[in-house]
Amino acid sequence: MNQQLADLERAKEDAADKKLRAETAAEIDRLVGKLTDVGAEFNNSAARLSEHAARAVPLVYDALGLDKFVATCLVGVLAALELVTKLLCAHADAVIAGTAPGTLPRGDDQHVPPPAQAPAEPHFKYPP
C-alpha cells in the first residue's frame with residue numbers, strides 16, 4: 001500500500017514537472033516570436049533610414065557615415081537575432097528534455113555586479 005502511495009506521489013510530481021516544463025518552453029517560444037517580430041520591425045526601420053541617409057549623401061557628405069553605420073547594424077542585428085533565437089530554441093528543447101531548469105529566472109534575481117573599488121594606491125604619481 002505504501003509503495004502504491006509513493007508511486008502515485010511520484011507520478012503526480014512528474015506530471016506537475018512536465019506541465020511546468022511545457023509552460024516554460026511555451027514562454028521561451030513566445031519570447032522567440034517577440035524577438036523575431038521586433039527584429040523585423042528594426043530591419044525595416046533601419047533599411048528605410050539607410051535609404052534616406054544614402055539620398056542625403058550628395059547634399060551632406062557626413063550622411064555617408066550614418067548610412068554605413070546603419071548598414072553595419074542591419075547585418076550585425078540579423079546575425080545576433082538568428083543566433084539568440086537558435087539558442088533560445090535549444091534551451092526550450094533542453095527544458096522539455098529535463099536537462100535545463102524547469103523555470104525561467106526572475107528578472108529581479110539577476111546578478112548585479114558590485115561597484116568597482118578604487119585602487120589602494122594611485123596608478124599615477126604627479127610631481128609637486
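Residues numbered from 1 in each chain as written. Predicted model: local features only at pLDDT ≥ 70, side-chain atom pairs only at ≥ 80, totals over all residues. Heavy atoms only, no water.

1. What to know about the environment of Ala 100
Inclusion rule: We count a stretch as a helix when DSSP gives it H or I for four or more residues in a row; a strand needs E for two or more, and each element gets its number in order from the N terminus. In this description, contact between two residues means that some pair of their heavy atoms is separated by no more than 4.5 Å.
Along the chain, the position of Ala 100 falls in the segment after helix H2 (63–97). Not counting chain neighbours up to four residues away, the residues in contact with Ala 100 comprise Arg 21, His 91, Ala 94 and Val 95.

2. Considerations on a nonpolar patch on the surface
What counts is decided by this rule: Like-charged residues within 9 Å of one another, or nonpolar side chains (Val, Leu, Ile, Met, Phe, Trp, Tyr) within 5 Å, are grouped into patches, provided each residue has over 30% relative accessible area and no salt bridge. The accessible surface values rely on the Shrake-Rupley method and a 1.4 Å probe; as for residues, cover is taken only from the protein chains in view. One speaks of a salt bridge when a side-chain nitrogen belonging to Lys or Arg is within 4 Å of a carboxyl oxygen belonging to Asp or Glu. Each residue gets one of three labels from its accessible area relative to the maximum for its type: buried under 20%, exposed over 50%, partly exposed in between, using a 1.4 Å probe on protein chains only.
A grouping of Leu 49, Leu 66 and Phe 69 is seen on the molecular surface, where their side chains present a nonpolar patch of about 280 Å² in accessible area. Within the secondary structure, Leu 66 sits in helix H2. Given the relative accessible area of 39%, Leu 66 is considered partly exposed.

3. Some points on helix H1 (residues 2–56)
Here is the rule: Residue count minus one, scaled by 1.5 Å, sets the expected span of a helix.
Along its 55 residues, H1 runs 80 Å from first to last C-alpha, staying within 8% of the 81 Å computed at 1.5 Å per residue. Here H1 has its buried residues at Arg 21, Thr 24, Ala 25, Ile 28, Val 32, Gly 39, Asn 43, Ala 46, Ser 50 and Ala 53. At its buried positions, H1 is contacted by H2.

4. Quick word on the nonpolar core
Put simply, the rule is: Nonpolar core, defined: a set of buried Ala, Val, Leu, Ile, Met, Phe, Trp, Tyr and Cys residues in which side-chain atoms within 4.5 Å join the residues together.
Judged by nonpolar contacts, Ala 25, Ile 28, Val 32, Leu 88, Ala 92, Ala 94, Val 95 and Ala 100 together constitute the single largest core of eight residues. When contributions to this core are tallied by element, the ones reaching two or more residues are H1 and H2. In terms of residue count, H2 provides more of this core than any other element does, four residues in total. If sequence neighbours within four positions are ignored, Ala 25 has contacts with Ala 92, Val 95 and Ile 96.

5. What to know about the side chain of Thr 24
Our working definition: Polar contact criterion, stated in full: a pair of N or O atoms within 3.5 Å, where within protein one must be able to donate a hydrogen and the other to accept it, and residues adjacent in sequence count only if both atoms are side-chain atoms.
Turning to its location among the elements, Thr 24 is positioned in helix H1. Exposure remark for Thr 24: the relative accessible area of 7% places this residue in the buried category. For Thr 24, the side chain forms a polar contact with the main-chain oxygen of Gly 102, separated by 2.4 Å. Apart from the residues lying within four places of it in its own chain, the contact partners of Thr 24 are Val 95, Gly 102, Thr 103 and Leu 104.

Function-wise, these values are silent; they only describe arrangement.
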